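# Observations on chain architecture
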Amino acid sequence: MSDSVTGLPIVAGVDGSDSALEAARWAADEAARKRVPLRLVSVMQVPVASGYVGDIGLSADLIDGLQAESQRILDETRSTLVTQRPGLNVTTAVLVGPPIPTLVEESGSARLVVVGSRGLGGFRGMLVGSTAVALAARGHCPVAVIRGGDRRTGPVVVGVDGSPASDAAIELAFEEASLRRTELVAVHTWLEHASDAAYVAMEPALNWDVLSERGMESLAERLAGWAEKYRDVTVVRRVTRGRPIVNLLAAAADAQLLLVGSRGRGAFAGVVLGSTSQALVYHAPCPLIVARG
């Protein structure tokens with residue numbers, strides 16, 4: 001394998017949990033596929049003195065010890081990864097500050113930020129969802145949440161709704177499918193923004209054949225330019241009806257990767273992460289990438 005020395009790095013958050021190690025391994029595979037460096041980071045939040053009488057904060061020795069422990073975990077993770085992937089360019093950094101703002105700032109110079117689905121967070125098994133949701137909403141690059149184990153087979157699935165973020169997800173999905181040498185399944189859900197009650201009331205009057213044909217035409221238009229660029233990728237188009245979260249979960253049941261936009265056409269002004277994307281952070285059956293428009 002050639003050295004990965006060029007391009008923006010893929011950044012993986014490491015906190016000593018099994019989930020973070022799994023995410024780091026996934027990130028290493030991704031960096032090797034894309035021939036870019038991998039940067040492992042650990043974020044250390046240091047409590048400061050509150051100003052109350054008797055509150056002296058943490059001692060310098062304790063802070064040094066915490067930083068040394070974070071660096072030890074990073075070094076062990078790096079050693080594991082470079083042993084498995086000789087030639088991969090892996091660097092490490094202990095970052096000091098509040099986790100979410102610090103990782104958001106880190107995303108400004110990253111190609112992709114990767115986190116596990118569960119982290120330490122003070123309690124073993126605690127969902128890391130709040131961090132992943134905040135990163136997907138505020139980050140400057142796509143965010144990957146590693147769920148469902150490391151799948152090496154199955155298609156790449158992308159949700160398509162016509163939004164700018166969805167278009168960004170399509171671009172990434174074609175690249176991923178090409179690098180993984182697998183097919184791409186593009187899923188568009190008709191009436192995705194109607195409530196369940198409204199959908200049930202309207203369904204008898206809908207001509208599904210006509211709507212499906214229009215959906216296929218719209219989907220083909222969205223994919224056309226990228227299909228021309230990535231001629232090696234076989235594309236399967238699916239137009240579905242009902243709730244997008246249900247349809248995407250079903251489509252991704254045997255997938256190796258799922259991609260969606262950070263917010264869809266149905267998002268209210270000021271909402272920075274769509275409900276479907278947020279739900280998938282917690283429930284996706286496979287690794288998930290949330291792209292920003």
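Above this text is the structure in question.
The notes below deal with the structure included here.

About the criteria used
- Residues numbered from 1 in each chain as written.
- Predicted model: local features only at pLDDT ≥ 70, side-chain atom pairs only at ≥ 80, totals over all residues.
- Heavy atoms only, no water.
- Helix = DSSP H or I, 4+ residues; strand = E, 2+ residues; numbered from the N terminus.
- Buried < 20%, exposed > 50% of the residue type's maximum accessible area, 1.4 Å probe, protein only.
- Contact = heavy atoms within 4.5 Å.
- Areas by Shrake-Rupley, 256 points an atom, 1.4 Å probe, with all protein chains shown as cover.
- Axes fitted to C-alpha atoms, helices over the stretch in contact; angles between N-to-C directions.
- Parallel < 35°, antiparallel > 145°, perpendicular 65-115°, else oblique.
- Left-handed = near helix turned anticlockwise from the far one by under 90°.
- Pairing = 2+ DSSP bridges.
- Right-handed = clockwise from strand over helix to strand, strands pointing away.
- Salt bridge = Lys/Arg side-chain N within 4 Å of Asp/Glu carboxyl O.
- Phe/Tyr/Trp six-rings, centres within 6.5 Å; stacked < 30°, edge-to-face > 60°.
- Polar contact = N/O pair within 3.5 Å; in protein donor to acceptor, adjacent residues only side chain to side chain.
- Arc of directions from axis to C-beta.
- Core = buried A, V, L, I, M, F, W, Y, C linked by side-chain atoms within 4.5 Å.

### Some points on the overall build of the chain
Counting its secondary structure elements, the chain contains nine helices and 12 strands. Among the 293 residues that make up the chain, the fraction classed as buried is 47%. Taking the contacts inside the chain whose residues are at least 6 apart along the sequence as the reference set, 80% of them involve residues at least 24 apart. Accessible surface computed for the chain: about 14,200 Å², of which carbon and sulfur atoms make up 53%.

### Side note on the packing of helix H8 (residues 244–251) against helix H9 (residues 275–283)
Close contact between H8 and H9 brings their axes to 10 Å; oriented N to C, the two are set at 40 degrees. Regarding the angle of H8 to H9, the classification is oblique. In this structure, the crossing between H8 and H9 has a hand that is right-handed. Facing H8, whose interface residues are Pro 244, Ile 245, Leu 248 and Leu 249, H9 presents Thr 276, Ala 279, Leu 280 and His 283.

### Some thoughts on the pairing of strand E2 (residues 38–44)
With respect to burial, E2 is a largely interior element, five of its seven residues being buried. The pairing of strand E1 (residues 10–13) with E2 spans four bridges and is classified as parallel. In the strand pairing of E2, Val 11 is matched with Arg 39. Running through helix H1 (residues 18–34), the crossover from E1 to the neighbouring parallel element E2 is right-handed.

### Re the packing of H1 against helix H5 (residues 164–180)
Packed helices, taken two at a time, are described by the angle between their axes plus the distance between the axes. Taken N-terminus to C-terminus, the directions of H1 and H5 make an angle of 85 degrees; their axes are 11 Å apart at the nearest point. Our classification of the angle between H1 and H5 gives roughly perpendicular. Counted together, Trp 26, Glu 30, Arg 33 and Lys 34 of H1 and Glu 175, Glu 176, Leu 179 and Arg 180 of H5 form the full contact between these two elements.

### A closer look at the pattern of salt bridges
For the structure on display, the rule yields 13 salt bridges. A salt bridge links Asp 29 to Arg 152; the shortest N-O distance between them is 3.1 Å. Note that Asp 29 is positioned in helix H1 and Arg 152 in the loop between strand E7 (143–146) and strand E8 (156–159), a separation of 123 residues in sequence. Look at Arg 152 and you get exposed, because its relative accessible area is 58%.

### Things to note about unusual backbone geometry
Within the chain, Arg 35 stands out as a residue other than glycine whose phi angle is a positive 55 degrees. Mapped onto the fold, Arg 35 is located in the loop between H1 and E2. Residues other than glycine seldom take positive phi values, yet Arg 181 does so here, at roughly 55 degrees.

### As for the packing of aromatic side chains
Within the structure shown, the criterion is met by one aromatic pair. With a centroid separation of 5.9 Å and 20 degrees between ring planes, the pair formed by Phe 174 and Tyr 230 is classed as stacked. Taken together, the residues span a long stretch of sequence, with Phe 174 in helix H5 and Tyr 230 in the loop between helix H7 (208–229) and strand E10 (235–241) at a distance of 56 residues. Note on Tyr 230: relative accessible area 15%, which makes it buried.

### What to know about the environment of Arg 111
Position of Arg 111 among the secondary structure elements: in the loop between helix H3 (99–107) and strand E4 (112–116). Exposure remark for Arg 111: the relative accessible area of 31% places this residue in the partly exposed category. Between the C-alpha atom of Arg 111 and that of Gly 7, which follows or precedes it by 104 residues, the distance is 8.2 Å. Sequence-distant contacts of Arg 111, defined by excluding residues within four places in its chain, comprise Leu 8, Pro 9, Ile 10, Lys 34, Val 36, Cys 141, Pro 142 and Glu 175. Within the local environment of Arg 111, its side chain forms a polar contact with the side chain of Glu 175, the two groups lying 2.8 Å apart.

### Looking at the environment of Ser 42
Locating Ser 42 in the fold gives a position in strand E2. Taking the C-alpha atoms as reference points, Ser 42 and Gln 71, 29 residues apart in sequence, are found 7.8 Å from one another. Residues in contact with Ser 42, not counting those within four places in the same chain, are Val 14, Ser 70, Leu 74, Ala 93, Val 94 and Leu 95. Reaching out from Ser 42, the side chain makes a polar contact with the backbone oxygen of Val 14 at a distance of 3.4 Å.

### With respect to H8
Every buried residue of H8 is accounted for by Pro 244, Ile 245, Asn 247, Leu 248 and Ala 251. End-on, the buried residues of H8 take up no more than an arc of 165 degrees, which puts them together on one face.

### With respect to the nonpolar core
Membership of the largest hydrophobic core comes to 44 residues, with the highest contact counts inside it found for Leu 38, Leu 40, Val 114, Val 158 and Leu 259. At seven residues, H5 tops the list of elements feeding residues into this core. Setting aside chain neighbours within four positions, we find Leu 259 in contact with Val 156, Val 157, Val 158, Gly 159, Ala 169, Leu 172, Ala 173 and Ile 289. Counting residues in each nonpolar core, the second largest holds 32 residues, with Val 11, Ala 132, Leu 248 and Val 281 among its members.

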